[in-house]
Amino acid sequence: MADNDLPRIVTTAPDDLALAARALRDGAIVAVPTETVYGLAARADSVEAVAAIYRAKGRPDFNPLIVHVPDLPGAEALAVLDDRARALAAAFWPGPLTMVLPRRDDAPLAAAVTAGLPTVAIRCPAHPVMQAILRESGLPLAAPSANRSGGVSPTTAGHVAASLGARVPVIVDGGACKAGIESTIVALRGDGAWQVLRPGPVTSADLAAVLGQGETHEDRGIEAPGQMTSHYAPGKPVRLNAPEKAADEFYITFGAEGGDATLSRSGDLAEAAARLYAALHEAAHAPQPKVAIAPIPDEGIGAAINDRLRRAAAPL
């Protein structure tokens, strides 16, 4: 990335947040921190602004976007929430849970946000900077991860700048993301059933404790972000469940010393989730032509980590 292609990176000071909010109101795209990963935000009611997200990311237009709102009334203005949705909001909002809900007929959303679907994916984020920008702008914001489509998601402002360069004019630097992995996406079906479309920090067990009935599993095609087979890829062949490394591999460990990078030396899955994309970014820029990743327990948030890793390892 050439020096003249560097985006403007601003702080979280009130004047900088006001600048970011003005840019969003004017139809620009702005990279913003959330508790999960950095998002590439634009006003969700503008065809031109949403198109700028798709251009910057190189994102296929059949892949819908998550709309971020500051609170429950913001969600009610865009979607139809039943008692189940309100119970989930009470339990997990603000936080890393996205709900796929019926879109209101009069919802002020650009058609590309929902990719032609009758539903909309909505989240109320917990990050104080994202909350401040939502309230300062007064807009619902469409915000997929702030990276080129299919690549490793960004958890720092530097990751955003390296991936998008001048495609994003402003990046708000809120430090490293706490959760480090995208939100859980749950679809609430009209027949009372529910389905996790993308695993994340809120687990199926967490959802079942609120919703009370078992999860359904059905294939309705792409209903939400993160469902494409190949995603989160470091641009190199990835070998999963590797007990040891080969000479030509960048080795990512879990629960052990050694390796070229580690997700968690102590075997902490929450720490592993927070470190996942940073480790994949390291692997992408390492001299080794391949990547190997140690086994990760497939329980709790480990299910979300393994979901991302399977997609990172899938052929392009």
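Residues numbered from 1 in each chain as written. Predicted model: local features only at pLDDT ≥ 70, side-chain atom pairs only at ≥ 80, totals over all residues. Heavy atoms only, no water.

Novice: Sorry if this is basic, but what is going on with the overall build of the protein here?
Specialist: A count of helical and extended segments in the protein gives 10 helices and 14 strands. Computed over the C-alpha atoms, the radius of gyration of the protein is 19 Å, within 12% of the 20 Å expected from 2.2 N^0.38 for a compact globule of 316 residues. Projected onto its principal axes, the C-alpha coordinates of the protein cover approximately 60 × 55 × 30 Å. Taking all 316 residues of the protein together, 56% fall into the buried category. Taking all contacts inside the protein whose residues are at least 6 apart in sequence as the whole, residues at least 24 apart take part in 67%. Summed over all atoms, the accessible surface of the protein reaches about 12600 Å², with 53% contributed by carbon and sulfur. If you average the places of the 28 positive and of the 35 negative side-chain charges in the protein, the two averages end up 3 Å apart. (Helix = DSSP H or I, 4+ residues; strand = E, 2+ residues; numbered from the N terminus. Rg over C-alpha atoms; globule rule 2.2 N^0.38 Å. Buried < 20%, exposed > 50% of the residue type's maximum accessible area, 1.4 Å probe, protein only. Contact = heavy atoms within 4.5 Å. Areas by Shrake-Rupley, 256 points an atom, 1.4 Å probe, with all protein chains shown as cover. Lys, Arg positive; Asp, Glu negative; His and termini not counted. Charge placed at Lys NZ, Arg CZ, Asp CG, Glu CD.)

Novice: What is the right way to read the sheet that holds strand S12 (residues 249-253) from this model?
Specialist: Across a sheet, paired strands are connected by hydrogen bonds in the backbone, their directions being either parallel or antiparallel. Overall, parallel pairing links the 4 strands, which are arranged S11-S14-S12-S13 in an open sheet. Where the open sheet ends on each side, the last strands, each with one partner, are strand S11 (238-239) and strand S13 (261-262). Its contacts with the sheet place helix H9 (residues 269-285) against S12, S13 and strand S14 (290-293), and it is angled at close to 165° to S12. (Pairing = 2+ DSSP bridges. Axes fitted to C-alpha atoms, helices over the stretch in contact; angles between N-to-C directions.)

Novice: I keep staring at the nonpolar core and nothing clicks. Help me out?
Specialist: Note that soluble globular proteins tend to have their nonpolar side chains buried in a common cluster. Counting 50 residues, the largest nonpolar core has Leu88, Leu97, Met99, Leu188 and Leu207 as the members making the most contacts within it. A total of 6 residues in this core trace back to one element, the largest contributor, which is helix H2 (residues 47-57). Excluding its chain neighbours within four sequence positions, the residues that come into contact with Met99 are Ala85, Leu88, Ala89, Trp93, Val120, Ala121, Ile122, Val186 and Leu188. The next biggest cluster of nonpolar side chains, apart from the first, holds 27 residues, and it includes Tyr277, Ala279, Ala283 and Ile293. (Core = buried A, V, L, I, M, F, W, Y, C linked by side-chain atoms within 4.5 Å.)

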